[in-house]
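# Observations on the model geometry
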Amino acid sequence: IIPEEYVLTRLAEDVPDHARYRARERRARFVGKNGACNVAHKNIREQGRFLQDVFTTLVDLKWPHTLLIFTMSFLCSWLLFGMIWWLIAFAHGDLDHSTRLQRDLGEGAAGGPDTFVPCVTSIHSFTSAFLFSIEVQVTIGFGGRMVTEECPAAILVLIVQNIVGLVINAIMLGCIFMKTSQAHRRAETLIFSKHAVIALREGKLCFMLRVGDLRKSMIISATIRMQVVKKTASLEGEVVPLNQIDIQMENPVGGNSIFLVSPLIIYHVIDKNSPLYDISPLNLHHHEDLEIIVILEGVVETTGITTQARTSYLADEILWGQRFVPIVAEEDGRYSVDYSKFGNTVKVPTPSCTARQLEEDKSIMDTMPLSPKGTIRKRSVKLKPKFTIS
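Residues numbered from 1 in each chain as written. Predicted model: local features only at pLDDT ≥ 70, side-chain atom pairs only at ≥ 80, totals over all residues. Heavy atoms only, no water.

The condition is simple: UniProt positions are given in the numbering used here, feature names are shortened, and annotations may be inferred rather than shown by experiment.
Where an unreviewed UniProt entry is consulted, the protein chain appears under the name ATP-sensitive inward rectifier potassium channel 11, with the organism given as Calypte anna. Regarding the protein chain, the relevant UniProt record gives this comment under Catalytic activity (unreviewed entry): "K(+)(in) = K(+)(out)".

Quick look at the structure:
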């Protein structure tokens, strides 16, 4: 008889029905942990609106598509003007073999070798016209081909191609610059704790999370806000699948502005105005229709671009009765941050009831054991001996 723990595969008929339902997937996220919005836009009929804002559309494209458009825009413009230069040479007779022969052998003819003047010198085929188009637009100027004053149309095409080349350079280089300096790149170094916690603070249940910045350059005018996203129904029976409810955030600075020099613990006091007023430990499971979105906004100090970092916490990512461990200590005359403990939590005494029950029954706090006070890490001082013994 083989023990059941050594059996690698089992038939689906052997799995009980209740186990199948228990293995149901968790609630779909509205915002991912990395800040990406989990929303698919379908059946958009007015696709032409995207073409009205071509620059933003190009910036929003993925890198392979952007590089493909970057390459094709130059190639198509070179081919188009190469065809125009070839047509000008063909219409003027520059490509006629007898005309070129007469020009080459025109020493004995009247007027000497200057009898025939082409619109563009040294254009004998479409290949040479294409090479001249590249020289004009990129301003290479090898010197073998040049526009003469014989054809006013050639001078006009020369001016138009230079203007078109400058416009293409400005658009494509601006698009590449904007893609490399997008605001969400700065948000990669703005981090949030993997889990949020609910514990007592100043005798009240609080929802807490930790946020930090890995760079030394600061985020100016940083603000943080939170929203609860859940399915709700109105009194008239209208069902709102993704109702966004703003909740008030508290932080050490006050208001929604934060001074993000070192990691901060942002908390929300769960009171009667909070959408978490009736949340208890029994509600913190992956079937609960609850998602808390955290949005951090600010101006990048080095570039002046506004950036935004986002994350979300589902019900099973909220830890009840825990708080974050301290990670800031004073060492050698300055403050140091230990990011290895950024998301570490420790259990603390917390009532297993809702904030409503805690507010209605004050005697619950009397039965709670006092949590030990956190020890303050003192700075390490290296003492140097005043005298040396030899």
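Back to the write-up after that little detour.
### A few points about the overall build of the protein chain
Basically, it comes down to this: Helix and strand assignments come from DSSP, with helices taken as H or I runs of at least 4 residues and strands as E runs of at least 2, each series counted from the N terminus. Contacts: residue pairs with any heavy atoms within 4.5 Å of one another. Shrake-Rupley sampling with a 1.4 Å probe provides the accessible areas, and residues are treated as covered by the protein chains on show and by no other component.
Across its full length, the protein chain carries 10 helices and 14 strands. Contacts in the protein chain between residues at least 24 apart in sequence constitute 67% of all its contacts with a sequence separation of at least 6. Summing over all exposed atoms, the protein chain offers an accessible surface of approximately 25500 Å²; the carbon and sulfur share of this is 59%.

### Describing the packing of helix α4 (residues 63-92) against helix α6 (residues 126-138)
What counts, and what does not: Whenever a helix is involved, its axis is fitted only over the stretch in contact; in every case the axis is a line through C-alpha atoms, and angles between N-to-C directions fall within 0 to 180 degrees. Each angle receives one of four descriptions, namely roughly parallel if under 35 degrees, roughly antiparallel if over 145, roughly perpendicular if within 65 to 115, and oblique otherwise. Each crossing gets its hand from how the near helix is turned against the far one by less than a right angle, where anticlockwise is left-handed and clockwise is right-handed. Any residue outside Ala, Val, Leu, Ile, Met, Phe, Trp, Tyr, Cys, Pro, Asp, Glu, Lys and Arg is labelled polar, Gly included; the first ten of those are nonpolar and the last four are charged.
The contact between α4 and α6 brings their axes to 8 Å, and the two run at 120 degrees. Taken together, α4 and α6 sit at an angle that is classed as oblique. Where α4 crosses over α6, the two elements pack in a sense that is right-handed. In this structure, α4 uses F74, S77, W78, L79, F81, G82, M83, W85 and W86 to contact α6, whose residues at the interface are F126, A129, F130, F132, S133, I134, Q137 and V138. Here the residues of the contact of α4 with α6 sort into 13 nonpolar, four polar and no charged.

### A closer look at unusual backbone geometry
To keep things clear, this is the line we draw: Each residue gets one of three labels from its accessible area relative to the maximum for its type: buried under 20%, exposed over 50%, partly exposed in between, using a 1.4 Å probe on protein chains only.
Here S122, not a glycine, exhibits a phi torsion of approximately 65 degrees, which is positive. Assignment of secondary structure puts S122 in the loop between α5 (97-104) and α6. One non-glycine residue, E202, lies in the positive phi region at around 55 degrees. Relative to the helices and strands, E202 resides in the loop between β2 (196-201) and β3 (204-213). Look at E202 and you get exposed, because its relative accessible area is 78%.

### Considerations on the side chain of T148
Selection rule: For the purposes of these results, a polar contact is taken to be a pair of N or O atoms within 3.5 Å, where, inside protein, one atom must be able to donate a hydrogen and its partner to accept one; residues adjacent in sequence count only when each atom of the pair is a side-chain atom.
Topologically, T148 is positioned in the loop between α6 and α7 (152-180). A polar contact of 2.4 Å, which involves the side chain of T148, links it to the backbone oxygen of P118. For T148, the residues in contact, after removing those within four places along its chain, are V117, P118, C119, T121 and I155.

### Things to note about a negative patch on the surface
We apply this condition: Each patch is assembled from residues with relative accessible area greater than 30% and no salt bridge, linking like charges that lie within 9 Å and nonpolar side chains (Val, Leu, Ile, Met, Phe, Trp, Tyr) that lie within 5 Å. Should a side-chain nitrogen of Lys or Arg be within 4 Å of a carboxyl oxygen of Asp or Glu, the pair is scored as a salt bridge. We score Asp and Glu as negative and Lys and Arg as positive, and we do not count His or the chain ends. Every charge is mapped onto a representative atom, which is NZ of Lys, CZ of Arg, CG of Asp or CD of Glu.
A cluster of acidic side chains, namely D271, E359, E360, D361 and D366, defines a negative patch on the protein surface. Examined against the element boundaries, D366 turns out to sit in helix α10 (residues 363-366). On the basis of relative accessible area, D366 is assigned to the exposed category, the value being 66%.

### Looking at α7
Worth spelling out the cut-off: Given the number of residues in a helix, its expected span is that number minus one, multiplied by 1.5 Å.
The end-to-end C-alpha separation of α7 is 42 Å, in line with the 42 Å expected for 29 residues at 1.5 Å each. Residues A154, V157, Q161, G165, I168, M172, C175 and K179 constitute the buried set of α7.

### A few points about the nonpolar core
We count it as follows: In this text, buried Ala, Val, Leu, Ile, Met, Phe, Trp, Tyr and Cys residues form a nonpolar core when linked through side-chain atoms within 4.5 Å.
Membership of the largest hydrophobic core comes to 38 residues, with the highest contact counts inside it found for F207, L209 and L296. A total of five residues in this core trace back to one element, the largest contributor, which is strand β4 (residues 219-233). The residues contacting L209, other than those within four sequence positions of it, are F192, S193, A196, M226, L264, I265, I266, V294, Y313 and F324.

### Thoughts on the packing of α6 against α7
For the pair α6 and α7, the least separation of the axes is 8 Å and the interaxial angle reads 60 degrees. The handedness of the crossing between α6 and α7 comes out as right-handed. On the side of α6, the interface is formed by S133, V136 and Q137, while α7 contributes L158, Q161, N162, G165 and I168. Taken together, the residues that form the contact of α6 with α7 break down as three nonpolar, five polar and no charged.

### So, the packing of aromatic side chains
Where we set the bar: Here the aromatic set is Phe, Tyr and Trp, taking the six-membered ring for Trp, and pairing holds for ring centres within 6.5 Å; pairs whose planes are under 30 degrees apart are stacked, those over 60 apart are edge-to-face, and all others are tilted.
Applying the stated rule across the entire model yields six aromatic pairs. Geometrically, the ring pair formed by F70 and F74 is edge-to-face, given 5.2 Å between the ring centres and 70 degrees between the ring planes. Taken together, the positions of F70 and F74, both in helix α4 and four residues apart, correspond to about one turn of that helix. On the accessibility criterion, F70 (25% relative accessible area) is partly exposed. Ring geometry for Y339 and F342: centres 6.0 Å apart, planes at 25 degrees, overall stacked. Here Y339 falls in the partly exposed class, since its relative accessible area comes to 30%. Residue classification places F342 among the buried positions, given a relative accessible area of 7%.

### A short note on the pairing of β2
So the rule is basically this: Only strands that DSSP links by at least two bridges are regarded as paired with each other.
Where β2 lies against strand β10 (residues 318-320), three bridges are found, and the strand directions are parallel. Paired with V197 across the bridge in β10 is L319. One ladder, built from five bridges, connects β2 with β3; its direction is antiparallel. Residue pairing in the sheet places V197 in a bridge with M208 of β3. Between the antiparallel neighbours β2 and β3 lie two residues, among them E202 with a positive phi of about 55 degrees.

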